[in-house]
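Coordinate analysis (summary)
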Amino acid sequence: MATFSKTHEMIQKMLRELCRDKIAELAAEADKTKEYPPELHNIFIESGLFALRIPEEYDGGGMDFTSSCIVVEELARVDGTCANTVAHHQAGLCSFMKGAGKAQRHTYLPKIGKGDYLVGFALTEPNAGSDAFSLQTLASPDGDHYIINGSKCFISNSGLTDLYVVFTTVDPELRRDGITAFLVEKDTTGFKIGKPEKKMGFRASPTCELTFDNVRVPKENLLGQIGKGWQLVHQSLTETRVMIAAMALGIAQGAMEVAVSYAKKREQFGKSIISFQGVSFMLADMAIQVEMARSLVYEIAAKVDQGDKNLHYYASIAKCAASDIAMKVTTDAVQVLGGYGYMADYPVEKMMRDAKATQIIEGTNQIQRMQIARHLSKIY
Ligand SMILES: Cc1cc2nc3c(=O)[nH]c(=O)nc-3n(C[C@H](O)[C@H](O)[C@H](O)COP(=O)(O)OP(=O)(O)OC[C@H]3O[C@@H](n4cnc5c(N)ncnc54)[C@H](O)[C@@H]3O)c2cc1C
């Protein structure tokens, strides 16, 4: 596995303590109320988690990609919602960093560096999910402005976000070559956020529809170039897929820990259930899978930091493998806890619900397998 630097080890220790002392309890309660508590948000802000990757010259943490994966893994170990909040801010931020010109960096990075200014990633539409080239949200030129009309769905952190990176099309017929990104600030006239969706997992994370009704944005808000938005989508998703893999790893690790500790305490037939081979082999298989995911996630996170040229291929492998592992490990953790595992008083049922999302978000695992196979047919 890629080795952690002293800084990485320090971040891991800090996050582990933060999660244990301040986050775990608040997050478990938030899953029940289905509301994202301001106290939790303030902890993230005070701990600098939203500004981790912002360059130090803008007061950010100046951390590398591996550090952000460590943060997301540790958060997910106790709560998927928290991990999703930080990871999806990173998704928006990643597109911003890759597309922003000098003036845009100058305007927004000092705000983001303060740690309380969130960036959203708005790509998915009701009729354009996996087939993202079919975007219909239209950006039409109007003098020194563009007028945006359309809608987005399933957008994470809606309402918490200050600046949305919105992927539009300047001409739906052009498909990929029409995709164009704009920066839309939350208070822009004509821009509305719908009610939070009721979800299986990540329940406290607000996921909403966004609507654009003649939203006027100045040409300065164009992110990158007209018709080049797909490059931003592709580059951002490549990185954030590795982050979703880190999230899946954290969920799997958390579920395994709960399962082992329960199996040591729970007695049936006069013995602790861990002494039964049927149970202990399930736990051993969990450990094998978790460590496989860990090796993969950090090996590929290091490739992000090094700028590997085949990153999209490795990112899809990491995302697919780690999320399938999270689904399997959390499902088995519920099994180890038996009936108690199915009850909301124990954390594994929530972990199983949260794990499911990692197989869908940032491109479903079917789409990842398509990408992997496409790359294989090119190289062999
Ligand atoms: C909790 C959550 C948070 C999210 N946050 C964001 C966000 O912040 N920003 C954002 O833009 N989006 C977000 N999304 C949306 C997410 O990225 C999409 O849901 C995902 O890409 C799938 O799109 P879809 O839901 O339209 O499914 P569809 O594309 O309709 O897919 C339905 C099924 O068909 C399969 N399928 C589709 N095409 C193919 C094919 N060619 N071959 C094989 N199988 C195929 C899929 O794998 C899937 O199983 C979020 C989703 C969730 C659940």
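Calculation criteria
- Residues numbered from 1 in each chain as written.
- Predicted model: local features only at pLDDT ≥ 70, side-chain atom pairs only at ≥ 80, totals over all residues.
- Heavy atoms only, no water.
- Patch = residues over 30% accessible without salt bridge, like charges linked within 9 Å, V, L, I, M, F, W, Y side chains within 5 Å.
- Areas by Shrake-Rupley, 256 points an atom, 1.4 Å probe, with all protein chains shown as cover.
- Salt bridge = Lys/Arg side-chain N within 4 Å of Asp/Glu carboxyl O.
- Helix = DSSP H or I, 4+ residues; strand = E, 2+ residues; numbered from the N terminus.
- Buried < 20%, exposed > 50% of the residue type's maximum accessible area, 1.4 Å probe, protein only.
- Contact = heavy atoms within 4.5 Å.
- Domains from an automatic or database assignment.
- Buried area = accessible area lost by both parts, 1.4 Å probe.
- Polar contact = N/O pair within 3.5 Å; in protein donor to acceptor, adjacent residues only side chain to side chain.
- Nonpolar A, V, L, I, M, F, W, Y, C, P; charged D, E, K, R; others polar.
- Disulfide = S-S within 2.5 Å.
- Near = heavy atom within 4 Å.
- Core = buried A, V, L, I, M, F, W, Y, C linked by side-chain atoms within 4.5 Å.

Focus on a nonpolar patch on the surface
Residues Leu376, Ile379 and Tyr380 make up a contiguous nonpolar surface patch of roughly 350 Å² in combined accessible area. Relative to the assigned elements, tyrosine 380 resides in the segment after helix H11 (365–379). Note on tyrosine 380: relative accessible area 76%, which makes it exposed.

Notes on the environment of lysine 219
Note on placement: lysine 219 falls in the loop between strand S7 (207–218) and strand S8 (222–223). Sequence spacing of lysine 219 and arginine 294 is 75 residues, and the spatial spacing of their C-alpha atoms is 43 Å. Sequence-distant contacts of lysine 219, defined by excluding residues within four places in its chain, comprise Gly143, Asp144, His145 and Tyr146.

Focus: the environment of serine 205
Along the chain, serine 205 turns up in the loop between strand S6 (191–193) and S7. Placed 49 residues apart in sequence, serine 205 and serine 156 show a C-alpha to C-alpha distance of 6.9 Å. Sequence-distant contacts of serine 205, that is, excluding residues within four places in its chain, are made with Thr81, Asn84, Asn157 and Lys199.

Comments concerning the domain arrangement of the protein
How big an interface is tends to be stated in terms of accessible area lost as the parts join. One can read the domain layout of the protein as domain 1 (6–113), domain 2 (119–228) and domain 3 (230–379). Averaged C-alpha coordinates put domain 2 and domain 3 at centres separated by 30 Å. Of the residues lining the interface, 15 residues belong to domain 2; the matching set on domain 3 comes to 14 residues. With both sides pooled, the region where domain 2 packs onto domain 3 buries about 1300 Å², and carbon together with sulfur makes up 76% of that total. For the domain 2 face of the interface with domain 3, the top three residues by lost area are Met200, Phe202 and Lys228, together amounting to 42%. Counting across the interface, domain 2 meets domain 3 through zero salt bridges. Applying the counting rule to domain 2 against domain 3 returns four residue pairs in polar contact (both at pLDDT 80 or more). For the side of domain 2 that touches domain 3, the residue count by class is ten nonpolar, two polar and three charged.

With respect to the pattern of salt bridges
By the definition in use, this model includes 21 salt bridges. Here arginine 294 ties to glutamate 73 by a salt bridge, and the two come within 2.7 Å at their closest N and O atoms. One end of the pair, arginine 294, is in helix H7 (residues 277–306); the other, glutamate 73, is in helix H3 (residues 65–78), with 221 residues separating them in the sequence. Residue class for glutamate 73 comes out buried when judged on its relative accessible area of 2%. A single network of salt bridges, built from pairs that share partners, joins Arg16, Glu74, Arg77 and Glu257.

Concerning helix H10 (residues 348–358)
Where burial is concerned, most of H10 is hidden: nine out of the eleven residues are buried. Regarding H10, the residues found buried are Val348, Glu349, Lys350, Met351, Arg353, Asp354, Ala355, Ala357 and Thr358.

Some details on the state of the cysteines
Should the sulfur atoms of two cysteines be covalently bonded, the bond is a disulfide. Per the counting criterion, the structure on display carries zero disulfides. Residue cysteine 82 stays outside any disulfide, its sulfur separated by 7.3 Å from that of cysteine 19, the closest cysteine. Judged by its relative accessible area of 0%, cysteine 82 is buried. Cysteine 153 takes part in no disulfide bond, and the closest cysteine sulfur, belonging to cysteine 208, lies 11 Å away.

What to know about the site of the ligand
Around the ligand, a shell composed of 17 residues is seen, among which Phe121, Thr124, Ser130, Phe154 and Thr364 lie nearest. Between serine 156 and the ligand, the recorded distance is 2.9 Å, taken from a side-chain N or O atom to a nitrogen atom. Threonine 364 places a side-chain nitrogen or oxygen 2.6 Å from an oxygen atom of the ligand. The protein chains hide 65% of the 980 Å² of surface that the ligand would expose on its own. In terms of residue class, the shell around the ligand is made up of eight nonpolar, eight polar and one charged. Taken together, domain 2 (119–228) and domain 3 (230–379) each give at least three residues to the shell around the ligand, which thus spans both.

Brief notes about the nonpolar core
Among the nonpolar cores identified, the biggest contains 70 residues, and Ile23, Phe44, Leu75, Met247 and Val336 are the most heavily contacted of them. Sorting the residues of this core by element identifies helix H1 (6–33), helix H2 (38–46), H3, helix H4 (80–99), helix H6 (229–265), H7, helix H8 (311–336) and H10 as the ones contributing at least two each. Each of domain 1 (6–113) and domain 3 (230–379) accounts for three or more of the residues forming this core. Discounting residues that sit within four places of it in the chain, valine 336 has contacts with Ala259, Tyr262, Ala263, Ile273, Val279, Met282, Leu283 and Met286.

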